[in-house]
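Here is what each chain is made of, one letter per residue.
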Amino acid sequence: MNRTELIEQIRTKKSFLCIGLDTDITKIPEHLLDAEDPVYEFNKQIIDATKEYCVSYKINTAFYESRGLAGWQSLIRTWNELPKDTFSIADAKRGDIGNTSEMYAKAFFQAESSGMSFDSVTVAPYMGADSVKPFLKFENKWAIVLALTSNEGSKDFQFLPVAEETMLFERVIQTVSGWGTNDNIMFVVGATRGESFLTIRKHAPDHFLLVPGVGAQGGNLQDVCQYGMNKDCGLLINSSRAVIYASSGKDFAEAAAAEARKVQNEMKRILESM
């Protein structure tokens, strides 16, 4: 999915919601455990129930990789279930030297190699340009680069000064922006850093931002939009646990749909007020 198509989906659905399929087999409803592939069955019902309210799905690959072969099979089956009009994200946080990054890119972008072709993958930029650029070689694919995260440990490095009045996360955005364009690079910015979006937008006014942390982690949608939205919306707001675990009973899919619809309605009001 290219930038124009993503913007069109946001306008059509009046939503910039991304639903995170961070599916933990120990947390899914008990009645699904008898299924041949419980994780896939859970994901399929969540997707069917919520697809009209969101423009993106983000799959945190750690929840699948931790289960070995069975987990990879669930991951591939889930990717195949994603609607073609939604923006797909492999939240894998890869980043290594060039030839290794090329293999990671093939793993998530090249269906003939791995059985999956996500629209995007999250990337850690710590090892520099050769850890990011291999992901940018694929047409209509995106690298979503970690910039400013919402975890407590982000203070260990991301806010270190690297120049006068410039912190490390700012330098990351400044530098990475030059490796590609706003057509193939997004940045991850945690929702619990609401006021920091002003700084982010100073360096990346036109890029899309993937924003985790709204919902269960306490991020505020209004603050994120106030400080982070641009003329194209420019935001994908991720909600995982608050949607997919809205109920642990047999009504889990209906509960997820209700939660997604609630968020989408709020997003619709925000978009119509732009």
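For clarity, every value in this text was computed on a predicted model and none was experimentally measured.

Trainee: How would you sum up the overall build of the chain? Please name residues and give values.
Mentor: Counting its regular elements, the chain contains 12 helices and 10 strands. In terms of overall size, the chain behaves like a compact globule, its C-alpha atoms giving a radius of gyration of 18 Å where 274 residues would be expected to give roughly 19 Å. Along the longest, intermediate and shortest principal axes, the C-alpha atoms of the chain span 60 × 45 × 35 Å. By the burial criterion, 54% of the 274 residues in the chain qualify as buried. Once local pairs closer than 6 in sequence are excluded, the contacts in the chain between residues at least 24 apart make up 71%. Of the roughly 12100 Å² that the chain leaves accessible, carbon and sulfur atoms contribute 48%. Here the chain contributes 29 positive and 36 negative side-chain charges, whose respective centroids are spaced 2 Å apart.

Trainee: An account of the sheet that holds strand β1 (residues 17-20) is needed here, citing residue identities and associated values.
Mentor: In spatial order, the strands read β1-β2-β3-β4-β5-β8-β9-β10; together these 8 strands close into a barrel with parallel pairing. When strand polarity is set aside, the average angle formed by the axes of neighbouring strands in this sheet is 30°. The pairing of strand β5 (residues 142-148) with strand β8 (residues 185-189) spans 5 bridges and is parallel. Of the residues in β8, the one forming a bridge with A143 is I185.

Trainee: Explain a nonpolar patch on the surface to me, using residue names and the numbers behind them.
Mentor: Side chains of F157, L160, V162 and L168 sit close together on the surface and give an oily, nonpolar patch of about 340 Å² of accessible area. Along the polypeptide, L168 turns up in helix α8 (residues 168-177). We classify L168 as partly exposed; its relative accessible area is 30%.

Trainee: Can you tell me about helix α1 (residues 3-13), naming the residues and giving the values?
Mentor: Where α1 is concerned, the buried positions are R3, L6, I7, Q9, I10 and K13. Taken end-on, α1 shows its buried residues confined to a sector of 155°, consistent with a single buried face. Residues of α1 that are exposed and point more than 90 degrees away from the buried face comprise T4, R11 and T12. If you follow the buried residues of α1, they end up packed against β3 (87-94), β5, β8, β10 (235-239) and α12 (252-272). For α1, the N-terminal cap is N2; the gap from its side-chain oxygen to the backbone nitrogen of T4 is 3.2 Å.

Trainee: Give a description of α8 that names residues and reports values.
Mentor: Within α8, burial applies to F169, E170, V172, I173, V176 and S177. All buried residues of α8 fall inside an arc of 160° around its axis, so they share one side. Its buried side turned inward, α8 meets β5, β7 (166-167), β8 and α9 (197-203).

Trainee: Could you give me a rundown of the packing of helix α2 (residues 38-50) against helix α4 (residues 68-81), with the residues and numbers involved?
Mentor: Direction vectors running N to C along α2 and α4 enclose 20°, while the axes themselves pass 9 Å from each other. Classified by the angle their axes make, α2 and α4 are roughly parallel. As α2 runs across α4, the sense of the crossing is right-handed. Side by side, α2 and α4 meet where V39, Y40, N43, K44 and I47 of the first sit next to S74, R77, T78 and E81 of the second. Partitioned by chemical class, the residues of the contact of α2 with α4 number 3 nonpolar, 3 polar and 3 charged.

Trainee: With reference to specific residues and values, describe the side chain of E170.
Mentor: Within the secondary structure, E170 sits in helix α8. Excluding its chain neighbours within four sequence positions, the residues that come into contact with E170 are E165, T199, K202 and H203.

Trainee: Pulling in residues and values, what's your account of the packing of aromatic side chains?
Mentor: With the rule as written, the count across this model stands at 7 aromatic pairs. Between F108 and F118 the ring centres are 6.3 Å apart and the planes differ by 65°, which places this aromatic pair in the edge-to-face class. Of this pair, F108 sits in helix α5 (residues 98-109) while F118 is found in the loop between α6 (111-114) and β4 (120-123), placing the two residues 10 residues apart along the sequence. The exposure classification of F108 matches that of F118, with both residues buried. Through a chain of ring-to-ring contacts, the aromatic side chains of F42, Y245 and F252 assemble into a single cluster. If you follow R77 out to its NZ or CZ, it ends over the ring of Y40, 3.9 Å from the centre.

Trainee: Talk me through the state of the cysteines; I want residue IDs and the actual numbers.
Mentor: One pass over the structure, following the stated rule, counts 0 disulfides. The thiol of C54 is unpaired, and the distance to the nearest cysteine sulfur, on C18, comes to 7.5 Å.

The rules behind each value
Residues numbered from 1 in each chain as written. Predicted model: local features only at pLDDT ≥ 70, side-chain atom pairs only at ≥ 80, totals over all residues. Heavy atoms only, no water. Helix = DSSP H or I, 4+ residues; strand = E, 2+ residues; numbered from the N terminus. Rg over C-alpha atoms; globule rule 2.2 N^0.38 Å. Buried < 20%, exposed > 50% of the residue type's maximum accessible area, 1.4 Å probe, protein only. Contact = heavy atoms within 4.5 Å. Areas by Shrake-Rupley, 256 points an atom, 1.4 Å probe, with all protein chains shown as cover. Lys, Arg positive; Asp, Glu negative; His and termini not counted. Charge placed at Lys NZ, Arg CZ, Asp CG, Glu CD. Pairing = 2+ DSSP bridges. Axes fitted to C-alpha atoms, helices over the stretch in contact; angles between N-to-C directions. Patch = residues over 30% accessible without salt bridge, like charges linked within 9 Å, V, L, I, M, F, W, Y side chains within 5 Å. Salt bridge = Lys/Arg side-chain N within 4 Å of Asp/Glu carboxyl O. Arc of directions from axis to C-beta. Polar contact = N/O pair within 3.5 Å; in protein donor to acceptor, adjacent residues only side chain to side chain. Parallel < 35°, antiparallel > 145°, perpendicular 65-115°, else oblique. Left-handed = near helix turned anticlockwise from the far one by under 90°. Nonpolar A, V, L, I, M, F, W, Y, C, P; charged D, E, K, R; others polar. Phe/Tyr/Trp six-rings, centres within 6.5 Å; stacked < 30°, edge-to-face > 60°. Lys NZ or Arg CZ within 6 Å of the ring centre and 35° of its normal. Disulfide = S-S within 2.5 Å.

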